[in-house]
Amino acid sequence: MEKATKSNGTSTPPSGGGGAAASHAELADIFNRDEDRVDWHDETLWWIRAKRDKSVHQLPEWEALREAASNIKHNVLSDLNNYLQQFEATAKANGITVHWAADAQEHNEIVHRLLVENEVTQMVKSKSMLTEECHLNDYLATHGIEVIDSDLGERIVQLAGEAPSHIVLPCIHKKKEEIGDLFHMYLGTPSNMSDPQFLTETARGSLRETFLTRKVALTGVNFAIADTGEFVVCTNEGNADMGAHLADVHIASMGIEKLLPKREHLGIFLRLLTRSATGQPITTYSSHFKKPREGQQMHLVMVDNGRSIQLGREDFRNSLKCIRCGACMNTCPVYRRSGGHSYHTAVAGPIGSILAPNFDMRKYADLPFASTLCGSCSNVCPVKIDIHDQLYKWRQVLVKEGYAPTAKKVAMQVMATTLASPTLYHAAGKMGRLTIKYAPFAVNNKLNPWFKNRDMPSSPEQSFGEWYSKNRNKK
Ligand code: SF4
């Protein structure tokens with residue numbers, strides 16, 4: 001073990017993503033100002049969800065695979081301590097140097113130290129949501145180290161100075177014309193050139209130079225096998241392989257929940273992962289890294305950053321089963337129409353809304369409320385995480401712990417009192433109907449967030465209760 005872990009009882013909240021002062025509702029409001037963008041964002045993600053459905057329905061054993069994956073992850077989380085120690089021992093025996101990071105800061109310091117030891121100021125990185133969670137690029141930039149992201153979508157958002165808005169499709173919020181402008185500005189393509197084939201070839205050429213000249217490459221980890229000490233990185237572009245195979249030093253950043261007990265379990269997860277993510281039968285590249293090639297260094301940074309705390313929260317520990325397929329985002333009606341950046345955390349959408357309050361309840365108190373609780377996320381989740389139940393449970397925890405906004409607390413109290421009293425309920429209903437009828441401006445105004453995008457209902461002459469009292473004895 002290269003570095004001792006800190007106690008998980010740290011009083012400093014772990015880093016969870018690119019936090020912002022604005023709430024989900026305010027950021028979604030900004031995204032919604034461009035209606036065309038909202039429409040194709042919504043339609044594109046729904047198209048991917050439909051591809052997922054088609055692919056899934058071709059496998060009669062789909063539900064059995066989900067069940068098996070969920071159970072395997074349950075087993076891992078129940079005995080994580082032992083699996084981690086087993087993995088550390090087997091990985092070290094293979095020649096991998098294992099580091100432990102209690103939080104984002106330690107992770108970033110370890111990566112930085114390795115870069116300094118190897119006297120490099122440039123690094124190529126494939127997609128790793130963990131490094132987004134740790135803000136690695138920003139940290140290294142402040143220490144004079146340049147990171148080039150090699151996943152095409154990540155490279156695009158990096159050039160735009162933005163964070164990924166989706167864990168699988170980082171630039172799904174960007175129009176191809178905007179990408180053309182970025183490439184014109186940074187990669188010298190002709191102006192107004194937005195042909196995807198041309199832009200992809202340009203990025204490929206530019207990244208080829210990066211791969212050939214970088215001494216250090218960092219990759220993420222999709223799965224790690226406790227039994228064999230190997231780890232698996234899944235990409236569709238082969239960029240992780242290009243970086244890792246050409247570099248003298250391969251650093252892999254891994255959340256401690258990524259473990260599987262045995263290699264034979266991997267097939268279940270590989271069949272689930274990409275079908276859920278994009279509808280493909282399998283990821284184009286599923287690369288196994290077991291030991292450094294001769295003369296190469298291979299470092300694995302195992303990161304906690306709040307995961308042990310989440311493991312200790314009985315109601316939320318299942319969220320650590322997540323294999324980051326993004327299916328819950330593609331299906332979520334709120335995500336599709338509010339955009340990933342509105343979640344102001346590294347992992348957006350339904351699963352991000354469960355993970356983020358664990359990092360910092362105050363900062364992310366808005367996220368569990370950014371859901372209709374329709375349950376579509378739980379239905380598509382390949383590892384059967386009860387996502388919408390956990391969102392509902394987080395709401396209760398946040399209100400109980402005092403993190404709900406005062407206006408919401410007062411409104412809920414008024415509502416609870418009203419619904420608990422038939423007399424009050426009838427009086428409130430009557431008052432509401434009269435207000436809509438004779439003073440509609442009292443509700444149809446800018447202060448009412450519902451009114452902004454909806455037609456308010458017209459007032460009925462009588463309530464159902466009144467109608468029923470008059471008509472119940474009629475035959
Ligand atoms: S919670 Fe489930 S559906 Fe969402 S990203 Fe994780 S594994 Fe995929």
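Source: prediction; values computed, not measured.

A. Looking closely at the overall build of the protein. Looking only at helices and strands, the protein features 22 helices and 10 strands. Against the globule reference of 23 Å for 475 residues, the protein gives a C-alpha radius of gyration of 25 Å, in line with a compact fold. C-alpha extents for the protein along the principal axes are approximately 90 × 55 × 50 Å. Classification of the 475 residues of the protein by burial places 51% in the buried group. Summarising the internal contacts of the protein: among those between residues at least 6 apart in sequence, 74% fall at separations of at least 24. Put simply, the protein shows about 22,800 Å² of open surface, and 54% of that area lies on carbon and sulfur atoms.

B. Looking closely at the packing of helix α16 (residues 349-359) against helix α18 (residues 387-400). Contact geometry of α16 with α18 gives a least axis separation of 9 Å together with a crossing angle of 40 degrees. In the packing of α16 onto α18, the handedness of the crossing is left-handed. Note on element contacts: α18 touches α16 through Ile387, Gln390, Leu391 and Trp394, opposite Pro350, Ile351, Ser353, Ile354, Pro357 and Asn358. Among the residues making up the contact of α16 with α18, the classes are represented as 7 nonpolar, 3 polar and no charged.

C. Layout of the site of the ligand. Neighbouring residues of the ligand: 13 residues in total, closest Cys322, Cys325, Gly326, Cys328 and Cys381. For the shell around the ligand, the per-class residue count stands at 11 nonpolar, 1 polar and 1 charged.

D. Just the packing of helix α10 (residues 196-213) against helix α11 (residues 239-246), in detail. Between α10 and α11, the shortest axis-to-axis distance is 8 Å and the interhelical angle comes to 30 degrees. Regarding the angle of α10 to α11, the classification is roughly parallel. Here Arg208, Phe211 and Leu212 of α10 come into contact with α11, specifically with Asn239, Met242, Gly243 and Leu246.

E. A look at the pattern of salt bridges. Applying the stated criterion across every chain, the model contains 25 salt bridges. Of the charged contacts, one joins Arg263 and Glu230 as a salt bridge, the two residues approaching to 2.9 Å between their closest N and O atoms. Of the two residues, Arg263 is situated in the loop between β8 (259-260) and α12 (266-277) and Glu230 in strand β6 (residues 230-235); the sequence distance between them amounts to 33 residues. Given the relative accessible area of 43%, Arg263 is considered partly exposed.

F. Broad picture of α18. Taking 1.5 Å of rise per residue, the 14 residues of α18 would be expected to cover 20 Å, and the 20 Å separating its terminal C-alpha atoms lies within 8% of that figure. Of all the residues in α18, the buried ones are Ile387, Gln390, Leu391, Trp394, Arg395 and Leu398. When α18 is viewed along its axis, its buried side chains cluster within an angular range of 150 degrees and face the same direction. Remark: Gly402 follows α18 within two positions and exhibits a positive phi of approximately 85 degrees.

G. Expanded view of the environment of Glu154. Mapped onto the fold, Glu154 is located in helix α8 (residues 152-159). Taking the C-alpha atoms as reference, Glu154 lies 32 Å from Glu63; in sequence the two are 91 residues apart. Those residues in contact with Glu154, other than ones at most four positions away along the chain, are Lys125, Lys127, Ser128, Met129, Glu132, Asp149, Pro164 and Pro170.

H. How the structure looks around the sheet that holds strand β1 (residues 97-101). Taken in spatial order, the 6 strands make up an open sheet running β1-β10-β7-β4-β2-β3, and their pairing is parallel. This sheet does not close on itself; its edge strands, each paired only once, are β1 and β3 (146-149). Within the sheet, the average angular offset between the axes of one strand and its neighbour, ignoring direction, is 25 degrees. Across 4 bridges, the pairing between strand β4 (residues 216-219) and strand β7 (residues 249-255) is parallel. Bridge assignment links Leu218 to a residue of β7, and that residue is Ile251. Against the sheet, α8 makes contact with β2 (122-125) and β3, and its axis sits at roughly 130 degrees relative to β3, the strand it touches most.

I. Looking closely at the sheet that holds β6. Strand order across the open sheet formed by 4 strands is β8-β5-β6-β9, with mixed pairing between neighbours. Each of the sheet's edge strands pairs with one partner strand only, and the pair in question is β8 and β9 (285-289). Here strand β5 (residues 223-225) pairs with β8 via 2 bridges, running parallel. Opposite Ile225, over in β8, you have Leu260 as the bridge partner.

J. Region of the structure containing the packing of aromatic side chains. Applying the stated criterion across every chain yields a total of 6 aromatic pairs. Measuring from ring centre to ring centre gives 5.9 Å for Phe464 and Trp467, while their planes differ by 25 degrees; the resulting arrangement is stacked. Residue Phe464 and its partner Trp467 are both found in helix α22 (residues 464-471); the two are separated by 3 residues, about one turn of the helix. Here Trp467 falls in the partly exposed class, since its relative accessible area comes to 40%.

What counts, and at which threshold
Residues numbered from 1 in each chain as written. Predicted model: local features only at pLDDT ≥ 70, side-chain atom pairs only at ≥ 80, totals over all residues. Heavy atoms only, no water. Helix = DSSP H or I, 4+ residues; strand = E, 2+ residues; numbered from the N terminus. Rg over C-alpha atoms; globule rule 2.2 N^0.38 Å. Buried < 20%, exposed > 50% of the residue type's maximum accessible area, 1.4 Å probe, protein only. Contact = heavy atoms within 4.5 Å. Areas by Shrake-Rupley, 256 points an atom, 1.4 Å probe, with all protein chains shown as cover. Axes fitted to C-alpha atoms, helices over the stretch in contact; angles between N-to-C directions. Left-handed = near helix turned anticlockwise from the far one by under 90°. Nonpolar A, V, L, I, M, F, W, Y, C, P; charged D, E, K, R; others polar. Near = heavy atom within 4 Å. Parallel < 35°, antiparallel > 145°, perpendicular 65-115°, else oblique. Salt bridge = Lys/Arg side-chain N within 4 Å of Asp/Glu carboxyl O. Expected span 1.5 Å × (residues − 1). Arc of directions from axis to C-beta. Pairing = 2+ DSSP bridges. Phe/Tyr/Trp six-rings, centres within 6.5 Å; stacked < 30°, edge-to-face > 60°.

Such coordinate-based values are descriptive only and should not be taken to indicate function.
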